[in-house]
Amino acid sequence: MNRPLLIVICDFLLISLLSLAKFEPAQQAESLPSVLDEESPVGAEDMVAILKNALASERQSRDSLAAMLDDTQASLASKTTALEEKESRIAVIENNLKEVEGKAIALQAERRELQQQFTSTQQQVSFLQEQYVKASEDARKLQKDLNQSERSAVAATSRLETIEQELTLRREEVISMQAKMDSLEMERRQAEAQKFQLALELKQSQTTEIIIREQFDAAKDEIKEAREDVAYSRDQVSLARAEIDQARKETSVVREEKARIERRADQVIQGVGELSEQTARIERQLTESQTLTPSSLYEQYLNGHRLQTRFKASRSGTFGQVISREQQTHGILVQDADRLASVYHINQTPFELWSGSPDWEQISGRVQRGASAYSATQLGFLKQDPRVLVMPVGARQSSQLGIQAYALAKDPLAYSRLTLINGSDDAYGEIEFRISASHPDYLEMDVTALDRLIKPFTPTVGDVVINPAGQLVGIMVNDRFCMVIRGLEVEGSIQFGSQPAGTGSRSLLVRKAEQLNAMPRELK
């Protein structure tokens, strides 16, 4: 039985005892002993009767209290059950209240948004009402002036129709002129491409012509001897006209000898070509067999392989101002088969690979070495890696500048230690590289973090990587990986010169930025 119930029962018993007790005045209490002394037997019996009555009433009280206790326990059990039900309903109500509060917060946000929309709508309605009032006043004024200006309106309408017809004709002319300009621009670009291709073909044909001339000079003596034999045979034929049969036989013999000599000349020419190929192959083998020290390679780089280049790009700013960016750097001349180009890292140019690349409207590139200089026409993105840029160089321009081209290394792993050259800081060093198993077109630099702190030279982005044979291996695309240049094939080019707004370099740079973002994280 719990404590509150016991307290209730004790209070009830105390109240019952107090209700049964009779309190008499003090005088009666003082006179009681005399009465008891006089009638003691009767007083004792009355006292017993009173106690019996009190005991009976007490029993009745106990029975009523027991009944009340049972009723109280039953009521308490029912109240406990009701309380548990109320607590469960309260929990459900609290959950519902939380949901309602969430909905109320959302509704409050929607109410604020609707209030803002209502406010803006009210402002628009007020503005439109003002405009309507002004338009009504203008309409009334126009209505008043309409009657007076009908004739002038008819004349203005006729003039407007004439102007619209002329405007339509001018628009058609502008469209046709724009189409012609586009076609001329396309023809110009095709002509420049054909010019570059023809220059390459001319160089190749000149080289072929030199080889053929050498072969022709080698076979010229034999042909001269054959001609002398033919002349001698002709003299013999003229002197021996009488002996026609014999002369005919000698003539056929001479013809056969001439054909044999001509076949011999063809064989000599073919042998000269094979000899040239063997000579070139032997020269390559001799070049590859030579090993140069890093200091020798650096001296060659400074004296004969780098080009001083200046890039400049400009565009219009938001407020009409001109924003320009200029970059002074050095490129390296590289030759792959019949292609000759200067190679750069994108950090050496004014351009950046990111989604917010600006649209440059004026781009120029100038190459200089000593007193000789020329202006470049385009800059292409190497297909292997968008961070490496290639600028075509003509053979005539290369000879004017007096610069030698690097040959590409056929086997990048022929040497374990390679020389790195930093053109901007005039520094160089020898580093060990190993092939990357997951990236076959890249060499991974074998340098620890401790080496970076201890060694005086550490690679940076844009460093040139050369093997001991003096051949170009690649270029550092970050401070860890070297991209092996296997060819000069480009994918997308930036044309130098004026670029109208909206047709410049932005779309190409954004595309190349997406290509760079798709590359593995360690190569970025």
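Keep in mind that what you see is a predicted model, and the values were worked out from it rather than measured.

What counts as what
- Residues numbered from 1 in each chain as written.
- Predicted model: local features only at pLDDT ≥ 70, side-chain atom pairs only at ≥ 80, totals over all residues.
- Heavy atoms only, no water.
- Helix = DSSP H or I, 4+ residues; strand = E, 2+ residues; numbered from the N terminus.
- Buried < 20%, exposed > 50% of the residue type's maximum accessible area, 1.4 Å probe, protein only.
- Contact = heavy atoms within 4.5 Å.
- Areas by Shrake-Rupley, 256 points an atom, 1.4 Å probe, with all protein chains shown as cover.
- Expected span 1.5 Å × (residues − 1).
- Core = buried A, V, L, I, M, F, W, Y, C linked by side-chain atoms within 4.5 Å.
- Phe/Tyr/Trp six-rings, centres within 6.5 Å; stacked < 30°, edge-to-face > 60°.
- Pairing = 2+ DSSP bridges.
- Axes fitted to C-alpha atoms, helices over the stretch in contact; angles between N-to-C directions.

Participant: For the overall build of the protein, give the residues involved together with the corresponding values.
Facilitator: Tallying secondary structure elements over the protein gives nine helices and 16 strands in all. Evaluated residue by residue, the protein yields a buried proportion of 26% over its 524 residues. Of all intrachain contacts in the protein linking residues separated by at least 6 positions in sequence, the fraction that spans at least 24 positions is 69%. Of the roughly 36300 Å² that the protein leaves accessible, carbon and sulfur atoms contribute 54%.

Participant: Quick rundown of helix H9 (residues 506-517)? Include the residues and the values.
Facilitator: Here H9 is 12 residues long and its end C-alpha atoms lie 16 Å apart, about the 16 Å a rise of 1.5 Å per residue gives. Every buried residue of H9 is accounted for by Leu 508, Leu 509, Val 510, Lys 512, Ala 513 and Leu 516. Buried-residue contacts for H9 involve strand E6 (378-382) and strand E15 (490-495).

Participant: Would you mind going over the nonpolar core in detail, with residue names and values included?
Facilitator: The tendency in soluble globular proteins is for nonpolar side chains to be buried as a group. With 52 residues, the main nonpolar core has Ile 332, Phe 351, Leu 379, Phe 381, Met 391 and Leu 472 as its most contacted residues. Listed in part, the 12 residues of the second largest apolar core include Ala 409, Val 465, Met 476 and Cys 482.

Participant: Let's hear about the environment of His 305: which residues, and what values?
Facilitator: Examined against the element boundaries, His 305 turns out to sit in helix H6 (residues 294-305). The class of His 305 is buried, set by a relative accessible area of 6%. When the C-alpha atoms of His 305 and Leu 333 are compared, they prove to be 5.9 Å apart, with 28 residues separating the residues in sequence. Those residues in contact with His 305 that sit more than four places away from it in its chain are Gln 300, Gly 331, Ile 332, Leu 333, Ile 403, Gln 404, Ala 405 and Tyr 406.

Participant: Tell me about the packing of aromatic side chains, residues and numbers included.
Facilitator: All chains considered together, the criterion is met by three aromatic pairs. A centroid spacing of 4.6 Å and a plane angle of 25 degrees characterise the contact between Tyr 298 and Tyr 428, whose relative ring orientation is stacked. Of this pair, Tyr 298 sits in helix H6 while Tyr 428 sits in strand E10 (residues 427-435), and the two are 130 residues apart along the sequence. A residue is classified by how much of its surface remains accessible, and Tyr 298, at 11% relative accessible area, is buried. With a relative accessible area of 34%, Tyr 428 lands in the partly exposed category. Here the aromatic rings of Phe 311 and Tyr 344 are separated by 5.2 Å at their centres, their planes lie at 85 degrees, and the arrangement is edge-to-face. On the criterion of sequence distance, the pair formed by Phe 311 in strand E1 (residues 306-316) and Tyr 344 in strand E3 (residues 339-345) is long-range, its members being 33 residues apart.

Participant: Tell me about the pairing of strand E2 (residues 322-336), and please be specific about residues and values.
Facilitator: Pairing between E1 and E2: 11 bridges, direction antiparallel. Residue pairing in the sheet places Ser 316 in a bridge with Val 322 of E2. For E2 and E3, the ladder comprises five bridges, and the chain directions are antiparallel. The residue bridging Leu 333 from the neighbouring strand is Ser 342, located in E3.

Participant: Help me get a handle on the sheet that holds strand E14 (residues 481-484), residues and values and all.
Facilitator: Here six strands make up a closed barrel; going around it, the order is E9-E10-E11-E14-E13-E12 and the pairing antiparallel. Taken over all neighbouring pairs, the strand axes of this sheet differ in orientation by 40 degrees on average, direction set aside. Examined bridge by bridge, strand E12 (residues 464-466) and strand E13 (residues 472-476) share three bridges and lie antiparallel to one another. Its bridge partner lying in E13, Val 465 is registered against Gly 474.

Participant: Can you explain the pairing of strand E11 (residues 442-445)? Please cite residues and give values.
Facilitator: Of the two faces of E11, the one lined by Tyr 442 and Glu 444 and the one lined by Leu 443 and Met 445 are each fully buried. As paired strands, E10 and E11 are joined by three bridges and run antiparallel to one another. The residue bridging Phe 433 from the neighbouring strand is Met 445, located in E11. Following E10, the chain reverses through six residues before pairing antiparallel with E11. Pairing of E11 with E14 involves three bridges; the strand directions are antiparallel. For Tyr 442, the partnering residue across the bridge sits in E14 and is Met 483.

Participant: How would you sum up the side chain of Ser 398? Please name residues and give values.
Facilitator: Summarising the element assignment, Ser 398 is placed in helix H7 (residues 395-401). Judged by its relative accessible area of 10%, Ser 398 is buried. Excluding residues that lie within four positions of it along the chain, Ser 398 makes contacts with Leu 333, Leu 340, Val 393 and Ile 403.

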